[in-house]
Amino acid sequence: MWLALFTLTVVEPMMVGIFGGGMMHIRLADGRHVLLDGLGTAPGAASADCYRPISDRWPDYLETEGRANAVGPRSIAVPGNLIVWCEALARFGTVDREAALGAAIRHARAGFRVTPYLGDCIKETVADLARDATMAALYLPGGRPLAAGELLVQPDYGETLAAIASQGPGLLHGGALGHQVGDYLERAGSFLTPADLEAYRMVERRTVCGTYRGVDIVGPPPPSSGGALVLEMLNILEGYDVGGLGFGTAPGIHLILEAHRIAFADRAAAMADPAFLDVPVERLMSKAYAAERRREIAPGRAGQFQAGVRGQESANTTHLTVADAAGHVVAATHTINSLFGARMMVPGTGIVPNNYMHVFDPHPGHALSIAPGKRVTTSQAPLMVLRDGRPWFALG
């Protein structure tokens, strides 16, 4: 599990990294569920009005002047991936850090052949990568995007991983590496400082649980909307003969889309970091609430849904599901948000920071607005489905 996660930061650097965030859902062999929240947080210097939005309407609602919340140093949130991975390894792993990072270090130092997927992602982001000299030197040698089949060697990142293998996550969160990275980003204009990296804390949360047609579904709680809103959508759909409508039919797709639209209206109004907002989780997951919302769906037309409670996530994310012979299951979803995150690299480290600030609402006064230390709200849904009390499948 950990070997795969760390190695993916090398071979899929556009998707996931130690300077990103995510959630790890672990089911132990004895049936206990553990949810480790390593989502990014707003730096201490960030505020509700730290960006200038360009629109109050979709699709540009989240965009800001100069793309400041999406690209570059001001788009970077405080990361939690490394702390979560090392915490889980220390508590539940069967190998040490050196073994867990060994393959990643080898691939970074010796290099690997660029996959067609990575090559396409480099081409897609070439304009932004070219603006950062360190990213350009690695991914655009001679001004030309690396192509599938070419060798990509990341010596600086290999040394960073080797140091973490030896010294642990404290190297980034409070140690010399954290000061190197934080000082560089702060000088570049980021809200993030070394103090933010040192202050970051992982949160262990209780999973949320519900049922759908006789099976149990266990998922992440807020600030992930994945668990509660997946259950809300399934509760709505439970009132229909979805199977009888047939796979891929217009009526079936219509119901699924309407359930999604209802859930995401609720997400915008009432889903956020529970340390900052009282999230009505039980109501959102209740069968009675689903029945109320189901009545709003018209079979023949798309609805315009408002939130029924008071109170954007990128697809560029990595998910792993792993099970072992002892009965342990892990569903882990981790990301640097957009392709190549903030689309910059900290010189001498190989680290590509996240652009998680783009997930917050840049307008003040809303559930997802920015506040210092506030965790991002995510649609990540590392879920496990149980039948007769036993794991049936896991996904994310």
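Residues numbered from 1 in each chain as written. Predicted model: local features only at pLDDT ≥ 70, side-chain atom pairs only at ≥ 80, totals over all residues. Heavy atoms only, no water.

1. Details of the pattern of salt bridges
Using the following cut-off: A carboxyl oxygen of Asp or Glu within 4 Å of a side-chain nitrogen of Lys or Arg is what we treat as a salt bridge. Numbered from the N terminus, helices here are DSSP runs of H or I no shorter than four residues, and strands are runs of E no shorter than two. Accessibility here uses a 1.4 Å probe with only protein chains present; expressed as a share of the type maximum, an area under 20% marks a residue as buried, one over 50% as exposed, and anything in between as partly exposed.
Throughout the structure, instances matching the rule amount to 16 salt bridges. With a shortest N-O distance of 3.4 Å, R91 and E87 are connected by a salt bridge. Note that R91 and E87 are positioned in helix α2 (residues 81–92) at a spacing of 4 residues, about one turn of the helix. The exposure class of E87 is partly exposed, given its relative accessible area of 28%. Across the pair E238 and K287 runs a salt bridge, and its minimum N-O distance is 2.6 Å. On the criterion of sequence distance, the pair formed by E238 in the loop between α10 (226–237) and α11 (242–245) and K287 in helix α14 (residues 287–294) is long-range, its members being 49 residues apart. Residue classification places E238 among the partly exposed positions, given a relative accessible area of 26%. When salt bridges that share partners are traced, they join R67, D128, R131 and R343 into one network.

2. So, the packing of helix α1 (residues 2–11) against α2
Keep this limit in mind: Every axis corresponds to a line fitted to the C-alpha atoms, with the helix fit spanning only the stretch in contact, and the corresponding angles, defined between N-to-C directions, vary from 0 to 180 degrees. By definition in this entry, angles of less than 35 degrees are roughly parallel, angles greater than 145 are roughly antiparallel, angles of 65 to 115 are roughly perpendicular, and the rest are oblique. Crossings are assigned a handedness: left-handed for a near helix turned anticlockwise from the far helix by less than a right angle, right-handed for a clockwise turn. Only heavy atoms enter the contact rule, under which two residues are in contact if any of them lie within 4.5 Å. Each residue is assigned to one class: nonpolar for Ala, Val, Leu, Ile, Met, Phe, Trp, Tyr, Cys and Pro, charged for Asp, Glu, Lys and Arg, and polar for all the others, Gly among them.
Between α1 and α2, whose axes approach to 11 Å, the crossing angle comes to 160°. Here α1 is positioned roughly antiparallel relative to α2, judged by the angle of their axes. Considering how the two elements wind past one another, α1 and α2 form a crossing that is left-handed. Contacts from W2, L5, F6 and T9 of α1 reach α2 at L82, W85, C86, A88, L89 and F92. Classifying every residue of the contact of α1 with α2 by side-chain character gives 9 nonpolar, 1 polar and no charged.

3. What about unusual backbone geometry?
That bond from W58 to P59 is cis: its omega, 15°, falls within 30 degrees of zero. Inspection of the secondary structure assignment puts P59 in the loop between β2 (33–37) and α2. The backbone of R343 sits at a positive phi, close to 60°, despite the residue not being glycine. Mapped onto the secondary structure, R343 falls in the loop between β9 (329–335) and β10 (383–387).

4. Examining the sheet that holds β10
Rules: A pair of strands is considered paired only if DSSP assigns at least 2 bridges between the two.
With antiparallel pairing, 4 strands are arranged side by side in an open sheet as β6-β7-β10-β11. Edge positions in the open sheet fall to β6 (208–212) and β11 (390–395), since each of these has one partner strand only. Averaged over all adjacent pairs, the angle separating strand axes in this sheet is 25°, with direction ignored. As judged from the 3 bridges shared by strand β7 (residues 215–219) and β10, these two strands associate in the antiparallel manner. Opposite I217, over in β10, you have V385 as the bridge partner. On the sheet, α10 packs against β6, β7 and β10 and is oriented at approximately 15° with respect to β6.

5. Some points on the pairing of β11
Across 5 bridges, β10 lies against β11 in antiparallel orientation. Among the inter-strand pairings, V385 is bridged to a residue of β11, identified as F393. Linkage of β10 to β11, two consecutive antiparallel strands, is achieved through a turn of 2 residues, within which D388 is found at a positive phi near 55°.

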